[in-house]
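Listed below are the residues making up each chain.
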Amino acid sequence: MFGIQELLLNVLALIVFILFIPLIIVLKCNNDSHINLLKFISFSLAIISCISFPFTLTNGFIFDLRLIALVIGFLYGGVKNGLLLIGVTVLYRLCFGGIGIIGTIITVVATLILTFPFIKKFNNFTKRKRMLTASLVALLNSSISVIIALAIFSVDFEPLLIFYYLVITAISCPCIVYIYETFHESIYIRQKIIKTEKMEMVSHLASSISHEVRNPLAVVKGFLQLMEDVDLEEKKRKNFLQISINEINRADTIIRNYLTFAKPSPENIEILDIRDELGKTIDMITPLANMNSIIIDTAIKPFFIKGESQLLQQCLLNICKNCIEAMPNNGTLTIETASENNNLHLTIADTGTGMTKEQLARIGEPYFTTKGREGTGLGMMAAMQIISSLQGKIHISSTLNKGTKFLIILPLLNK
Ligand code: ADP
Ligand code: MG
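So, here's what we can say about the structure. Quick caveat, the model's predicted, so the values are computed rather than measured.

What counts, and where the lines are drawn
- Residues numbered from 1 in each chain as written.
- Chains lettered and ligands numbered in written order.
- Predicted model: local features only at pLDDT ≥ 70, side-chain atom pairs only at ≥ 80, totals over all residues.
- Heavy atoms only, no water.
- Salt bridge = Lys/Arg side-chain N within 4 Å of Asp/Glu carboxyl O.
- Helix = DSSP H or I, 4+ residues; strand = E, 2+ residues; numbered from the N terminus.
- Buried < 20%, exposed > 50% of the residue type's maximum accessible area, 1.4 Å probe, protein only.
- Pairing = 2+ DSSP bridges.
- Near = heavy atom within 4 Å.
- Polar contact = N/O pair within 3.5 Å; in protein donor to acceptor, adjacent residues only side chain to side chain.
- Areas by Shrake-Rupley, 256 points an atom, 1.4 Å probe, with all protein chains shown as cover.
- Nonpolar A, V, L, I, M, F, W, Y, C, P; charged D, E, K, R; others polar.
- Expected span 1.5 Å × (residues − 1).
- Contact = heavy atoms within 4.5 Å.
- Axes fitted to C-alpha atoms, helices over the stretch in contact; angles between N-to-C directions.

## A few points about the pattern of salt bridges
Alright, step 1. A full pass over the atoms with the stated rule returns nine salt bridges.
Alright, step 2. The partner of Lys280 in a salt bridge is Glu277, and the shortest N-O contact between them spans 3.5 Å. Within this pair, Lys280 and its partner Glu277 are both found in helix H8 (residues 274-291), separated by three residues, close to a single helical turn.
Alright, step 3. Salt bridges sharing partners connect three or more residues here, namely Lys321, Glu325 and Lys371.

Next comes the structure, spelled out in structure tokens:
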């Protein structure tokens, strides 16, 4: 029947632009001002689509479901958003001409007046009250537009079409609000779960870290007390000192890796030349490598990436140290750089003990270590966290008794 197809097309436009596209925006985008802008564009498209597919009565009067989009945009998006949507409505309606434009202006003013008392309190309402408010306002608003058309502009009264218009508004508005609410509720719950999981992890880490740091401190304290003895042999004193320094280093590493987890994003972003950065790392690990008779084999070209030197150093050191520790009696540590698809491919590989499938699956899990008292199980967790904070990826492959390869992919800087 004439008119009803248009109204159903309007419902489809509302479903797409008010429900699905905003949902995708909220899921994919994490910048609040971008979300608001994109949502505004989507709501505008809902209004434009509705006005584009109306059913027309005499005297150039068109009816459509734009008011639902307008009311929802006003109530959920606030005054500024609502006023901008009114601007879009009036401007687009102007393109169609006809006396109905005056009706449009009166109706949008009515929208403003009807929604205004609720805007501030709307977000504190219960879900049911929000559904009820939005639906009543939309229905009242639509009724006003019908009355204006009939009473002021003496548009021919087509009872069946008007009836459909009001019934479809009355049914579709609460349904749309209900689905909108449900979508947003589940997004909220999802975000909350992620946050809670993270908090739980942090508090778990915090409690065990204080425990782990206390151990090396107790050892240092013990040795310092022993060194108080003035008759202590020089050789023993040196030995105690060395042990104390090692334990302090251990405590330092634990705290440093833990801090990366709690605050992993780089703060002082700068342009880094990976060749310089790897140079610094190699300088630091060379003594350790020499101790295990390890050859460091490099093929490093200069590539530029964005990041924070200190964080990147921590990541590279953690990975290289693991490689060296996997080769207790000689081996080769290979470090190579290449570029592919605008990404830096940094390979760090060892010819060490390798890992079993189970170990490989658990690498990066907090406290997963196969090194007993010597390990902390925090190094790879921190390294992976740093790589993801630099918008990078890491692929690890390993063969038992053959070696392990870390492929780190980081976005190259476009010069
Ligand atoms: P830690 O080095 O303190 O044990 P990490 O988080 O740095 O903690 O590493 C976790 C575990 O992953 C190590 O204990 C080891 O079993 C495994 N691992 C990491 N890197 C390598 C590697 N290059 N070769 C073999 N095993 C590795
Ligand atoms: Mg380690």
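## Examining the pairing of strand S5 (residues 304-307)
Along any regular strand the residues' side chains alternate between the sheet's two faces.
Alright, step 1. A one-sided burial pattern is seen for S5, the buried positions being Ile305 and Gly307 and the unburied ones Phe304 and Lys306.
Alright, step 2. Note that strand S3 (residues 270-273) and S5 share four bridges and pair antiparallel. Pairing of Asp273 across the sheet is with Phe304, part of S5.

## What to know about the site of ligand 1
Alright, step 1. Contacts to ligand 1 come from 21 residues, most closely from Asn322, Thr369, Thr370, Thr376 and Met380.
Alright, step 2. One of the side-chain N or O atoms of Thr370 is found 2.5 Å from an oxygen atom in ligand 1.
Alright, step 3. Gly377 is positioned with one of its backbone polar atoms (N or O) 3.0 Å from an oxygen atom of ligand 1.
Alright, step 4. With the chains in place, 95% of the 530 Å² that ligand 1 exposes on its own is no longer accessible.
Alright, step 5. For the shell around ligand 1, the element with the highest residue contribution is helix H9 (residues 309-325), accounting for three residues.
Alright, step 6. Among the residues making up the shell around ligand 1, the classes are represented as eight nonpolar, 10 polar and three charged.

## Topic: H9
Alright, step 1. For H9, which comprises 17 residues, the first-to-last C-alpha distance of 24 Å matches the rise-based estimate of 24 Å (1.5 Å per residue) to within 8%.
Alright, step 2. Where burial is concerned, most of H9 is hidden: 12 out of the 17 residues are buried.
Alright, step 3. For H9, the complete set of buried residues consists of Ser309, Leu311, Leu312, Gln313, Gln314, Cys315, Leu316, Asn318, Ile319, Cys320, Cys323 and Ile324.

## Concerning the side chain of Ser42
Alright, step 1. Within the element layout of this structure, Ser42 appears in helix H2 (residues 32-52).
Alright, step 2. Judged by its relative accessible area of 3%, Ser42 is buried.
Alright, step 3. Setting aside its immediate chain neighbours within four residues, Ser42 contacts Phe17, Ile21 and Pro22.

## Points about unusual backbone geometry
Alright, step 1. Positive phi is not limited to glycine here, since Ser293 has a value of about 50°.
Alright, step 2. Using a relative accessible area of 48% as the deciding quantity, one classes Ser293 as partly exposed.
Alright, step 3. Residue Asn401 is not a glycine yet carries a positive backbone phi of 65°.
Alright, step 4. Along the chain, the position of Asn401 falls in the loop between strand S8 (393-399) and strand S9 (403-411).

## Section: the sheet that holds strand S6 (residues 331-340)
Hydrogen bonds along the backbone pair up the strands of a sheet, which may run parallel or antiparallel.
Alright, step 1. Taking strand neighbours across the sheet as the criterion, the five strands line up as S4-S6-S7-S9-S8 in an open arrangement whose pairing is mixed. Unpaired on one side and paired on the other, strand S4 (294-299) and S8 mark the two borders of the sheet. The sheet shows a mean angle of 15° between the axes of neighbouring strands, taken without regard to direction.
Alright, step 2. Where S4 lies against S6, six bridges are found, and the strand directions are parallel. Opposite Thr298, over in S6, you have Ile335 as the bridge partner.
Alright, step 3. Sheet strands in contact with H8 are S4, S6 and strand S7 (343-350), and its direction is about 170° off that of S4.

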